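Listed here are the chains, written in short residue letters.
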Amino acid sequence: MDLEYLAAGLTLPEAAGARKITGLTADSRKVQPGFLFAAFKGVSVDGTKFAPDAAAAGAIAILCAEDAAAEVRALVPETVAVVSAVEPRQVFAKMAARFYGAQPDTIVAVTGTAGKTSVAHFARQIFQAAGHPAASLGTLGLIKPDGESYGGLTTPDPVALHKQLAELEDEGVNHAALEASSHGLDQYRLDGVRLTAAAFTNLGRDHMDYHPTIEHYLNAKLRLFAELLPAGGTVVLDPGEKYADRVMAVAQERGLPVFTVGETGRNLTLTGLRPVGAGQELTIQSVRGEYKVTLPLIGRFQVSNALIAAGLAISAGIDTGTALRALENLKGAPGRLELAGRTPAGGLIFVDYAHKPDALDNALVALKPFARGKLSVVIGAGGDRDPGKRELMGEVAARRADLVIVTDDNPRSEDPAAIRKAVMSGAPGAIEIGDRYEAIAEGVRRLKDGDILCVAGKGHETGQIVGDTVIPFSDHEAVKRAISLEGNT
């Protein structure tokens, strides 16, 4: 592809426009002859320092920030075209979109603190129920129509994202649902994606190790609606959620149509909700009339996630009745309030990805009505991440559960004992067991008939990060092992 087309709108060195670009990357180790290398200055790594390596590997063009252009030109041969931009990350994402070109006809995206994975997972299922080959992309990886999952980064880098979108379109997938993380939005990873609709779930405390303030965190989320969603694209939200008014204000300022759901929503109004077995019966009022739907999931937050997913699907052209009837067959996302086992004594164990105070609160509130006996929880907190939420995690657990066991999550480079101490400060009556398996086993051992244990924090993950090593570990497997030992006692 000609550099002139790829770098549309930018000033190029003389005669550089006709150069044929054979690939793009921001990783100098992946450069091949004919590539364009993006040299970004990050918090810990300065990509401009790798410009000579990229040139030596065959890069014929380098993209960088305007204030780094002179430095880069001095580092590489004159034969390498140096292209600069005010926001090189944004330009790079749009380059990736042009380079790969094809995308599924209908793409929806969802952002928020909690619920992104479930909403994307549900939207994909609704599209499929309506007869469309569909995929979802996010924390669980790329899930295709056949159910296969690949990778697992909430918002991939632009090259990987646009390559995957082009491959999906080539395979006949015409509908896709994406998770839009605050990191991905702030770093322009989703720019160039052609969206039909975008949703907001909620906003709570998260990623305070990256975002200096809640306002900065919120503004990153708002980019989805203020900049990425095109004119005419629909905004989907639950007006009852905190900060939904800020999203609404952006939509109104841009003149975007808004599709609202929930108890105060106008398009899918939740007028009734009651537990039914291991699910919930929803009464929903829509412009097409009233619907009664049995959602096979527990938790008020899953009701919100399901309605937002339905709103995205309807906004993308799916019939209202088809979308709502599809809710009756939804399967929860792996590791999201997922029943992982039952003990011989009759206790139930659920695994949940909750690693934030609000998410933990939602999970425990959802499980409490189903516990005829005691509700217990195993929690921890990740190292090298927002330390301010650790005590809050303990406080939520102590307030909602009858028994709290504090253990290790992903300590990374931090002292695990120090992390546990911070969590324990919010739950002074908790039991402390550093070894995660032993903590889970102790929780399982204490279960009696009617009791429920929630193992929170890691959900679908299959590894525990200790130092710079990923140790194989699955909460699901730990639960199974603990239950099997109980059956032999």
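All of these numbers come straight from a predicted model, not from anything done at the bench. (Residues numbered from 1 in each chain as written. Predicted model: local features only at pLDDT ≥ 70, side-chain atom pairs only at ≥ 80, totals over all residues. Heavy atoms only, no water.)

### Quick notes on the domain arrangement of the chain
(1) Moving on: Here the chain is partitioned into domain 1 (3-98), domain 2 (101-329) and domain 3 (338-487).
(2) Moving on: Each of domain 1 and domain 3 was reduced to a C-alpha centroid, and the two centroids are 45 Å apart. (Domains from an automatic or database assignment.)

### Some remarks on unusual backbone geometry
(1) Moving on: Backbone geometry places Tyr 243, a non-glycine residue, at a positive phi of 75 degrees.
(2) Moving on: Looking at the element boundaries, Tyr 243 is found in the loop between strand 11 (234-237) and helix 9 (244-254).
(3) Moving on: Non-glycine residue Arg 412 carries a positive phi angle of around 50 degrees.
(4) Moving on: Topologically, Arg 412 is positioned in the loop between strand 19 (403-406) and helix 14 (416-424). (Helix = DSSP H or I, 4+ residues; strand = E, 2+ residues; numbered from the N terminus.)

### Thoughts on the packing of helix 5 (residues 116-129) against helix 10 (residues 300-315)
(1) Moving on: Contact geometry of helix 5 with helix 10 gives a least axis separation of 8 Å together with a crossing angle of 50 degrees. Taken together, the axes of helix 5 and helix 10 are oblique relative to one another. The hand of the helix 5/helix 10 crossing is right-handed. Counted together, Ser 118, Val 119, Phe 122, Ala 123, Ile 126 and Phe 127 of helix 5 and Gln 302, Asn 305, Ala 306, Ile 308, Ala 309, Ala 310, Leu 312 and Ala 313 of helix 10 form the full contact between these two elements.
(2) Moving on: For the contact of helix 5 with helix 10, the per-class residue count stands at 11 nonpolar, 3 polar and no charged. (Axes fitted to C-alpha atoms, helices over the stretch in contact; angles between N-to-C directions. Parallel < 35°, antiparallel > 145°, perpendicular 65-115°, else oblique. Left-handed = near helix turned anticlockwise from the far one by under 90°. Contact = heavy atoms within 4.5 Å. Nonpolar A, V, L, I, M, F, W, Y, C, P; charged D, E, K, R; others polar.)

### Re the pairing of strand 22 (residues 463-466)
Within a regular strand, the side chains alternate between the two sheet faces.
(1) Moving on: In this structure, strand 22 lies alongside strand 23 (residues 469-472), joined through 4 bridges in antiparallel fashion. Within the sheet, the bridge partner assigned to Gly 463 lies in strand 23 and is Pro 472.
(2) Moving on: As consecutive antiparallel partners, strand 22 and strand 23 are separated by 2 residues, and within that stretch Gly 467 has a phi angle of approximately 65 degrees, a positive value. (Pairing = 2+ DSSP bridges.)

### So, the sheet that holds strand 21 (residues 452-456)
(1) Moving on: With respect to topology, 6 strands assemble into an open sheet ordered 16-17-21-18-19-20, the strand pairing being mixed. In this open sheet, the two strands that pair with only one neighbour each are strand 16 (338-342) and strand 20 (431-432).
(2) Moving on: Judged from the 4 bridges that link them, strand 18 (residues 375-379) and strand 21 form a sheet pairing that is parallel. Its bridge partner being in strand 21, Val 378 is matched across the sheet by Val 455.

### Here's the deal with the pattern of salt bridges
(1) Moving on: Under the defined criterion, the tally for this structure stands at 24 salt bridges.
(2) Moving on: Taking the shortest distance from any N to any O, the salt bridge between Lys 41 and Glu 71 comes out at 3.8 Å. One end of the pair, Lys 41, is in the loop between strand 2 (35-38) and helix 2 (51-56); the other, Glu 71, is in helix 3 (residues 69-75), with 30 residues separating them in the sequence.
(3) Moving on: Judged by relative accessible area, Lys 41 falls into the partly exposed class, the value being 46%.
(4) Moving on: A salt bridge links Arg 300 to Glu 263; the shortest N-O distance between them is 3.9 Å. Here Arg 300 is found in helix 10, whereas its partner Glu 263 is found in the loop between strand 12 (258-262) and strand 13 (268-276), with 37 residues between them in sequence. (Salt bridge = Lys/Arg side-chain N within 4 Å of Asp/Glu carboxyl O. Buried < 20%, exposed > 50% of the residue type's maximum accessible area, 1.4 Å probe, protein only.)

### Brief notes about the nonpolar core
The nonpolar side chains of soluble globular proteins are, as a tendency, buried together.
(1) Moving on: Counting 39 residues, the largest nonpolar core has Ile 126, Phe 127, Leu 268, Leu 295, Leu 307, Leu 324 and Leu 327 as its most contacted members.
(2) Moving on: When residues of this core are assigned to their parent elements, the largest contribution, 9 residues, is made by helix 10.
(3) Moving on: Core analysis: the second largest hydrophobic core is formed by 35 residues, Ala 109, Leu 185, Phe 200 and Met 248 among them. (Core = buried A, V, L, I, M, F, W, Y, C linked by side-chain atoms within 4.5 Å.)

### Considerations on the packing of aromatic side chains
(1) Moving on: Within the structure shown, the criterion is met by 2 aromatic pairs.
(2) Moving on: Their ring planes at 75 degrees and their centres at 5.6 Å tell us that Phe 40 and Phe 92 sit as a pair that is edge-to-face. Of this pair, Phe 40 sits in the loop between strand 2 and helix 2 while Phe 92 sits in helix 4 (residues 88-100), and the two are 52 residues apart along the sequence. Each of the two residues, Phe 40 as well as Phe 92, counts as buried. (Phe/Tyr/Trp six-rings, centres within 6.5 Å; stacked < 30°, edge-to-face > 60°.)

### Digging into the UniProt feature "binding site: ATP" (unreviewed entry) in the chain
(1) Moving on: UniProt records the feature "binding site: ATP" (unreviewed entry) at Gly 112, Thr 113, Ala 114, Gly 115, Lys 116, Thr 117 and Ser 118, using the numbering of this structure.
(2) Moving on: Within the element layout of this structure, Lys 116 appears in helix 5.
(3) Moving on: By relative accessible area, which is 11% here, Lys 116 ends up buried.
(4) Moving on: As for its placement among the helices and strands, Thr 117 is situated in helix 5.
(5) Moving on: The contacts of Thr 117, once residues within four sequence positions are left out, are Thr 139, Leu 140, Glu 179, Ala 333 and Arg 336. (UniProt positions renumbered as here; feature names shortened; annotations may be inferred.)

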